[in-house]
Amino acid sequence: MTSWFTYLGLPYGWAWFVATIIDILVIALPLMLAVAMIIYADRKIWAAMALRRGPNVVGPLGLLQSFADGLKVFLQETIIPSAANKALFLIAPIITFTVALIVWAVVPFQAGVVLANINVGLLYVLAASSLGVYGIIIAGWASNSKYPFYSALRAAAQMVSYEVSIGFVLISVVLWSGSFNLGAIVEGQRAIYSWLPVNGYAFNWLLFPMAVVFFISSLAETQRAPFDLTEAESELVAGYQTEYSSMSFALYWLGEYANVILMCALNAILFWGGYLPPFDWAPLYVLPGIIWLFIKMLCFFFVFSWVKATVPRYRYDQLMRLGWKVFLPLSLIWVFIVSGWLMWTRVGVGS
């Protein structure tokens, strides 16, 4: 697109700037629409599993319910507690929402279709997603209320705990693919067996356990059930969002679901072939890669909702025990197993 604007006569710097802005909007605007529709889908899935109807009044089949909810919070008054730190109180949801969007810059939607095709894409994802904890901590502290503050500390401890195990899981993927570039990781999953042409590291017996650990950790990282203690009404009112209303609350809501969609995309990209079809069979490549990626993301989102509708909530000590005493040692041991296997098969046996 930069070359096209250059052809129209714009200087290269301006051509690059305009093309980048357009690329960002092409990703961000559909993502916002997807967040609205995914909230509707989430509620319909919960309702179906509980033998209820779910949203079915606003618009055909209730499709406009999310937009009606958005309009409602937009028209509400923004209430800031008198004892709160007003600047930090307003900045906190903006941080959370912005961080949820910037990670999408390195997500490959198709071969060569990515906003920033950087060689350290996976490190960028880890660094950017880790910033989300600041929005939560700042919200809890700036509210000047003990319940949001306690919940913010819980959320921070939970997110940091599971990010450690996620990091070791990603090391296993990087060792096997030999690259931090997300596009290269997807291409490395093409036809992993000569005798069974499947695409995806999840079909690799060594990496499948890490795919399971990553999926469960992504539930905890996005504070979804059964790890939603930071926002559990029966635990700490509404958690770190207790004092928020209007668009400030909506930004947290949108950021949360944008993170859920991101985790669905990362599960698909890192372990299930990303934009590749499930099988390395020529007729399947007729369907564009972006469609395969969206299908896999929808499948993962259905499982996210399925878990939320059926699995009871953990106690906080159970949540932390799972992260530190199960996932952390398991993922660390698996790094040694994967690296040892790669040294044996690619170096030891080959020599």
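If you're wondering where the values come from, they're calculated on a predicted model, not measured in any experiment.

Draft legend 1. Representation of the pattern of salt bridges. This structure, assessed with the given rule, holds seven salt bridges. We note a salt bridge from Asp-42 to Arg-224, for which the minimum N-O separation is 3.0 Å. In this pair, Asp-42 is assigned in helix 2 (residues 12–49) and Arg-224 in the loop between helix 9 (208–221) and helix 10 (233–236), connecting sequence segments 182 residues apart. On the basis of relative accessibility, which here comes to 0%, the residue Asp-42 falls in the buried class. Take Arg-224: its relative accessible area is 2%, and that puts it in the buried class.

Draft legend 2. The arrangement of empty space enclosed by the protein in detail. Overall, the coordinates contain three cavities of 30 Å³ or more when judged by the stated rule. Its boundaries defined by the atoms lining it, the largest cavity holds a volume of some 230 Å³. Contributing to the lining of the largest cavity are 18 residues, with Met-159, Glu-221, Thr-222, Gly-255 and Asn-259 lying nearest its centre. Listing elements by their share of the lining of the largest cavity, those giving two or more residues are helix 4 (86–102), helix 6 (132–142) and helix 11 (246–271).

Draft legend 3. Looking closely at the layout of surface pockets. Taken as a whole, the largest pocket encloses approximately 630 Å³ of empty space. Looking at the largest pocket, it is lined by 21 residues, and the ones nearest its centre are Ile-27, Pro-30, Leu-31, Phe-109 and Phe-294. A per-element tally of the lining of the largest pocket places helix 2 first, with nine residues. Partitioned by chemical class, the residues of the lining of the largest pocket number 20 nonpolar, no polar and one charged.

Draft legend 4. Highlighting a nonpolar patch on the surface. Together, Leu-10, Tyr-12, Trp-14, Trp-16, Phe-17, Ile-21, Ile-24, Leu-25 and Leu-29 make up a nonpolar patch on the protein surface, roughly 950 Å² of accessible area in all. Note on placement: Ile-24 falls in helix 2.

Draft legend 5. Quick peek at the packing of helix 5 (residues 121–130) against helix 6. In contact at an axis separation of 4 Å, helix 5 and helix 6 are set at 5° when each is read in the N-to-C sense. It follows that helix 5 is roughly parallel to helix 6 by the angle criterion. Listed contacts from helix 6 to Ala-128, Ser-129 and Ser-130 of helix 5 are Gly-132, Val-133 and Tyr-134. Here the contact of helix 5 with helix 6 is built from residues that sort into three nonpolar, three polar and no charged.

About the thresholds
Residues numbered from 1 in each chain as written. Predicted model: local features only at pLDDT ≥ 70, side-chain atom pairs only at ≥ 80, totals over all residues. Heavy atoms only, no water. Salt bridge = Lys/Arg side-chain N within 4 Å of Asp/Glu carboxyl O. Helix = DSSP H or I, 4+ residues; strand = E, 2+ residues; numbered from the N terminus. Buried < 20%, exposed > 50% of the residue type's maximum accessible area, 1.4 Å probe, protein only. 1 Å grid on protein atoms, 1.4 Å probe; cavity = no way out; pocket = protein on both sides within 12 Å on 5 of 7 lines; lining within 4 Å. Points joined across faces, edges and corners; volume = space filled by probe spheres on them. Nonpolar A, V, L, I, M, F, W, Y, C, P; charged D, E, K, R; others polar. Patch = residues over 30% accessible without salt bridge, like charges linked within 9 Å, V, L, I, M, F, W, Y side chains within 5 Å. Areas by Shrake-Rupley, 256 points an atom, 1.4 Å probe, with all protein chains shown as cover. Axes fitted to C-alpha atoms, helices over the stretch in contact; angles between N-to-C directions. Parallel < 35°, antiparallel > 145°, perpendicular 65-115°, else oblique. Contact = heavy atoms within 4.5 Å.

It is worth stressing that arrangement in space is one thing and function is another; only the former is reported here.
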